[in-house]
Amino acid sequence: MRRKIVAGNWKMLGSRTENAALLDALVGGLNADTVTCVVCPPFVYLHDVWRALRDSPIALGAQDVCAEAQGAYTGEVSAAMLKDVGCEYVLVGHSERRTLYGEDDQLVARKYAAALGRGLIPILCLGEQLAEREAGQSTQVVGRQLAAVVNLCGVQALAGGVLAYEPVWAIGTGRNASPEQAQAIHAFLREQVGQQDAKIGAGLRILYGGSVKAGNARELFDMPDVDGGLIGGASLKSDEFLAIVAAA
Ligand code: PEP
């Protein structure tokens with residue numbers, strides 16, 4: 001049985017005051033020792049959030065990481081720094097990074113390697129654009145995104161990470177993938193990994209992300225290959241996020 005994970009991506013939203021209220025409600029309201037719960041605030045709030053969470057079971061994650069280990073990379077944050085401030089997880093290859101900041105599969109794979117190399121658990125985001133889905137290319141796209149990581153890091157590297165299938169057309173749109181659509185891609189991803197290493201494929205956690213809310217979480221998480229969710233907008237509302245965790 002794979003332990004489910006619910007991770008909140010706070011995006012570039014929030015403030016110290018809003019975060020403190022949200023964290024108070026999450027720490028006070030969380031009642032799920034069978035689910036791993038993670039929050040990923042913007043870099044500047046990591047230390048504040050770490051302090052608020054340090055005696056709670058909620059883990060800390062970041063939204064991005066530099067592919068380089070250290071050096072003259074102004075504006076970037078390394079995996080070692082994230083580890084130093086208490087992060088356990090980091091998102092890599094979120095579709096907003098891929099589409100708005102030009103991150104390609106190779107850069108994302110290097111970020112995955114950098115995170116893993118420093119003892120972080122990378123959450124590798126994969127997903128197709130609407131036009132790609134309509135052209136019947138969903139598996140081809142996510143297969144290519146996954147292969148970039150496997151080619152650089154080896155299939156064993158997937159044992160130390162988590163996948164998040166996030167169809168781009170479902171992120172922030174209010175239009176989630178149906179449970180069947182999510183299941184089909186998750187099963188495909190698991191099979192791709194399983195063909196190379198059956199044990200890693202069977203143990204791999206694959207989250208679904210894209211307009212998950214309290215009202216649709218359960219039917220998505222009930223699918224056999226959906227191991228939890230990566231939650232954007234709804235992770236900023238404590239009652240919604242707690243209900244999503246409860247659904248997991
Ligand atoms: C996300 O930001 O990764 C995401 C899934 O957003 P939302 O839940 O708002 O669609």
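Note that the structure is a prediction, hence the values are computed from the model and not measured.

K.L.:
Teacher, can you tell me more about the pairing of strand E6 (residues 162-165) here?
P.N.:
Consecutive residues of a regular strand have side chains that alternate between opposite faces of the sheet. In E6, alternate side chains face the same way, and those of Val162 and Ala164 on one face and Leu163 and Tyr165 on the other are all buried. Alignment of strand E5 (residues 121-126) against E6, held across four bridges, turns out to be parallel. Note on E6: the bridge partner recorded for Cys125 is Ala164. Here E6 pairs with strand E7 (residues 206-209) via three bridges, running parallel. Across the sheet, Leu163 pairs through a bridge with Ile206, a residue of E7.

K.L.:
What's the story with the pairing of E5 in this structure? I'm lost.
P.N.:
The buried fraction of E5 amounts to five of the six residues, a majority that puts the element mostly inside the structure. Where strand E4 (residues 89-92) meets E5, four bridges bridge the pair, whose relative direction is parallel. What sits directly across from Val92, in E5, is Leu124.

K.L.:
Explanation requested: the site of the ligand in the structure shown.
P.N.:
Neighbouring the ligand are 14 residues; Lys11, His94, Glu166, Gly172 and Ser211 lie closest to it. The separation between an oxygen atom of the ligand and a polar side-chain atom of Asn9 is 3.2 Å. Note that an oxygen atom of the ligand is positioned 2.8 Å from one of the side-chain N or O atoms of Glu166. Within the complex, 95% of the 290 Å² of free accessible area of the ligand lies under protein. Its residues assigned to classes, the shell around the ligand shows four nonpolar, eight polar and two charged.

K.L.:
Is there a simple way to think about the nonpolar core in this case?
P.N.:
In summary, soluble globular proteins display a tendency toward joint burial of nonpolar side chains. One finds Leu82, Leu124, Leu158, Leu163, Leu189, Tyr208 and Phe221 to be the most contacted residues of the largest nonpolar core, which totals 65 residues. Ignoring any residue separated from it by four or fewer positions in sequence, one finds Leu163 in contact with Leu124, Leu126, Leu146, Leu158, Leu189, Leu204, Arg205, Ile206 and Leu207. Membership of the second largest hydrophobic core comes to 13 residues, among which are Ile5, Tyr89, Leu91 and Ile123.

Rules used throughout
- Residues numbered from 1 in each chain as written.
- Predicted model: local features only at pLDDT ≥ 70, side-chain atom pairs only at ≥ 80, totals over all residues.
- Heavy atoms only, no water.
- Buried < 20%, exposed > 50% of the residue type's maximum accessible area, 1.4 Å probe, protein only.
- Helix = DSSP H or I, 4+ residues; strand = E, 2+ residues; numbered from the N terminus.
- Pairing = 2+ DSSP bridges.
- Near = heavy atom within 4 Å.
- Polar contact = N/O pair within 3.5 Å; in protein donor to acceptor, adjacent residues only side chain to side chain.
- Areas by Shrake-Rupley, 256 points an atom, 1.4 Å probe, with all protein chains shown as cover.
- Nonpolar A, V, L, I, M, F, W, Y, C, P; charged D, E, K, R; others polar.
- Core = buried A, V, L, I, M, F, W, Y, C linked by side-chain atoms within 4.5 Å.
- Contact = heavy atoms within 4.5 Å.

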